[in-house]
Amino acid sequence: MNQPTASAAGTFDLGGDLPVNRLGYGAMQITGEGVWGWPKDRDGAVAVLRRAVELGVTLIDTADSYGPTVSEELIREALHPYADDVVIATKAGLTRTGPGEWIPVGRPAYLKQQVELSLRRLGLERIDLIQLHRIDAEVPVADQVGAFKELQDEGKVRHIGLSEVDVAQLKEAQQTAEIVSVQNLYNLAHRDAQELLDHCTAENIAFIPWFPLATGQLAASDGPLTELAREHGTSPSQLALAWLLHRSPVVLPIPGTKSVEHLEDNVAAAALELSQDEVDALTAAV
């Protein structure tokens, strides 16, 4: 059987002018434990990134805080110079003090500095999609988004997105700049962001669900999707990702993995077709 590619999921135009295949890759897991430091298998991380692009993945999502800096550096090592259709989306707004620790920092000078550093690490003159990693409650939203808008006006940022927001916060940010994407926790087991997804669907704003496999919970051999996957002749991971792709045409899942084998399994979900009855069964299974 031929390996399906990410193009089978169809495309979405970020901001109306930047097409990406809807099944992307999240580059958080290629760092060390606790999303801290270098991975034990650096060559393996590079191989996963290169294989992702070979399989038609055109949206690679990262952040300055993954490592910190490690994920961006690995992406450049593996993929630079980038293929014309590859979009690197990164984030700023969380700082790190150690493994597993994440602290929002939204001061405009800090955000602008971090974007400048990401440009250097990634080897880019312009970041296609910069996302505010978290809203800092200590800083006005207009100031945080405004920092990115200034960089956009300077030609250093193409599009602006947000992460972990609600509808009201999205609307507030839109008063300062055009927002083309939001990235929230969302999967079969966690649907708290449904209202935001519905709003994004109506407004044609990309919705990028992070932890699309619930950090492995949905992919487990003894998980809630095991029996349905056996009946369908596929893997639990593929069912969970296909459910997300079916959920809305604006959904861009970004499953991450350190394994080429798991990557290939995830990408194959792009070609998995589900009937409405199967979608309903999945929805009810978790």
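Just so we're clear, the structure is a prediction, and the values are computed from it rather than from any experiment.

A.B. asks: Sorry if this is basic, but what is going on with the layout of surface pockets here?
C.D. replies: Summary: where empty space remains is shown by rolling a probe the size of a single water molecule over the atoms. In this structure, the largest pocket occupies an estimated 590 Å³ of space. Contributing to the lining of the largest pocket are 29 residues, with Met28, Gln29, Phe211, Pro212 and Gly256 lying nearest its centre. The dominant element in the lining of the largest pocket, judged by the number of residues it contributes, is helix H9 (residues 260-267), at three residues. Of the residues belonging to the lining of the largest pocket, the class tally is 13 nonpolar, 12 polar and four charged.

A.B. asks: Mind showing me how you'd approach the pattern of salt bridges here?
C.D. replies: Proximity of charged atoms lets side chains of opposite charge pair with each other. As enumerated under the stated definition, the model contains 12 salt bridges in all. Here glutamate 72 ties to arginine 121 by a salt bridge, and the two come within 2.7 Å at their closest N and O atoms. Within this pair, whereas glutamate 72 is found in helix H2 (residues 70-79), its partner arginine 121 is found in helix H3 (residues 108-122), the two being separated by 49 residues in sequence. Looking at arginine 121, the relative accessible area reads 16%, which means it is buried. One continuous salt-bridge network, built from bridges that share partners, spans Asp17, Asp128 and Arg158.

A.B. asks: What is the right way to read the sheet that holds strand E11 (residues 206-210) from this model?
C.D. replies: What links the strands of a sheet is backbone hydrogen bonding, and the strands pair in either a parallel or an antiparallel sense. Taken in spatial order, the seven strands of this open sheet run E3-E4-E5-E8-E9-E10-E11, and their pairing is parallel. Whereas interior strands pair on both sides, the edge strands pair on one side only; in this sheet they are strand E3 (25-26) and E11. When strand E10 (residues 179-185) meets E11, the two strands line up parallel, connected through five bridges. Across the sheet, residue valine 182 finds its bridge partner in E11, namely phenylalanine 207. Set on the sheet, helix H5 (residues 167-174) makes contact with strand E9 (157-163) and E10; between it and E10 the angle comes to about 155 degrees.

A.B. asks: Honestly, the nonpolar core in this entry has me stumped. Any pointers?
C.D. replies: Judged by nonpolar contacts, the single largest core of 64 residues is most densely connected at Leu14, Leu162 and Phe207. Per-element accounting of this core gives the leading share, six residues, to helix H8 (residues 236-247). Ignoring sequence-local partners within four residues, the contact set of leucine 162 consists of Gln131, Leu132, Val145, Gln169, Leu170, Ala173, Ile179, Ser181, Val182 and Gln183. Counting 27 residues, the second-largest nonpolar core is a separate cluster that includes Ile30, Leu49, Val57 and Ile88.

A.B. asks: What's the story with H2 in this structure? I'm lost.
C.D. replies: Since the α-helix advances by 3.6 residues per turn, residues separated by three or four positions end up pointing in the same direction. Counting buried residues in H2 gives seven out of 10 residues, a clear majority hidden from the surface. Next to the buried residues of H2 lie helix H1 (42-54), strand E4 (59-61), strand E5 (87-92) and H3.

A.B. asks: Hey, could you run me through H9 in this one?
C.D. replies: For H9, the set of buried residues is Leu263, Asn266 and Val267. Looking down the long axis of H9, one finds its buried residues gathered within 95 degrees of arc, a one-sided arrangement. Of the surrounding secondary structure, the elements contacted by the buried residues of H9 are E3, H1 and H8. A side-chain oxygen of the first residue of H9 lies 3.2 Å from the backbone nitrogen of glutamate 261; this N-cap is serine 259.

Calculation rules
- Residues numbered from 1 in each chain as written.
- Predicted model: local features only at pLDDT ≥ 70, side-chain atom pairs only at ≥ 80, totals over all residues.
- Heavy atoms only, no water.
- 1 Å grid on protein atoms, 1.4 Å probe; cavity = no way out; pocket = protein on both sides within 12 Å on 5 of 7 lines; lining within 4 Å.
- Points joined across faces, edges and corners; volume = space filled by probe spheres on them.
- Helix = DSSP H or I, 4+ residues; strand = E, 2+ residues; numbered from the N terminus.
- Nonpolar A, V, L, I, M, F, W, Y, C, P; charged D, E, K, R; others polar.
- Salt bridge = Lys/Arg side-chain N within 4 Å of Asp/Glu carboxyl O.
- Buried < 20%, exposed > 50% of the residue type's maximum accessible area, 1.4 Å probe, protein only.
- Pairing = 2+ DSSP bridges.
- Contact = heavy atoms within 4.5 Å.
- Axes fitted to C-alpha atoms, helices over the stretch in contact; angles between N-to-C directions.
- Core = buried A, V, L, I, M, F, W, Y, C linked by side-chain atoms within 4.5 Å.
- Arc of directions from axis to C-beta.
- Polar contact = N/O pair within 3.5 Å; in protein donor to acceptor, adjacent residues only side chain to side chain.

Everything listed here is a matter of geometry and, on its own, says nothing about what the molecule does.
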